[in-house]
Amino acid sequence: RVTIHPELESLESKKKVFGEVHVRLKDGRMLVQRATQVRGRAPLALTDADLDEKFLGCTEAALGTVRAKELLSKLRHLDEEPEIRHLLPPAFGLE
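In this report, we go over the structure that sits alongside the text. Remember, it's a predicted structure, so these values are computed and weren't measured experimentally.

A short note on the pairing of strand 2 (residues 30-35)
Thinking step 1. Pairing analysis gives 6 bridges linking strand 1 (residues 19-24) to strand 2, with the strands arranged antiparallel. Directly across from Val21, in strand 2, lies its bridge partner Gln33.
Thinking step 2. The hairpin turn running from strand 1 into strand 2, its antiparallel successor, is 5 residues long, and Gly28 in that turn takes a positive phi close to 95 degrees.

Here is the structure:
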């Protein structure tokens, strides 16, 4: 079950960024872990390989592996593209 942590219910708490997971084991014990750093932000920055993996994980189902990888390659070399209008159809699976 998902609930809002009491520390995050007030307007002042919006400055806090954390996640907390509670797991109750069959023997009754409760395991609690709090994460205060978000992966992808300093100091836990994503590598280029991490970003590629995340991008492909989000796009392959819609575009297929080959088209998703082609789009990723074009996006990785965006500064070399004379114009980006042609990238929109592949990004939305409209080719």
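Once the structure has been displayed, the description carries forward.
Looking at the pattern of salt bridges
Thinking step 1. Here the structure, examined in full by the defined rule, presents 4 salt bridges.
Thinking step 2. The partner of Arg29 in a salt bridge is Asp27, with the nearest N and O atoms 2.8 Å apart.
Thinking step 3. A salt bridge links Arg76 to Asp48, with the shortest nitrogen-to-oxygen separation between them at 3.8 Å. With Arg76 in helix 2 (residues 65-76) and Asp48 in helix 1 (residues 48-63), this pair connects stretches of sequence that are 28 residues apart.

Calculation notes
- Residues numbered from 1 in each chain as written.
- Predicted model: local features only at pLDDT ≥ 70, side-chain atom pairs only at ≥ 80, totals over all residues.
- Heavy atoms only, no water.
- Pairing = 2+ DSSP bridges.
- Helix = DSSP H or I, 4+ residues; strand = E, 2+ residues; numbered from the N terminus.
- Salt bridge = Lys/Arg side-chain N within 4 Å of Asp/Glu carboxyl O.

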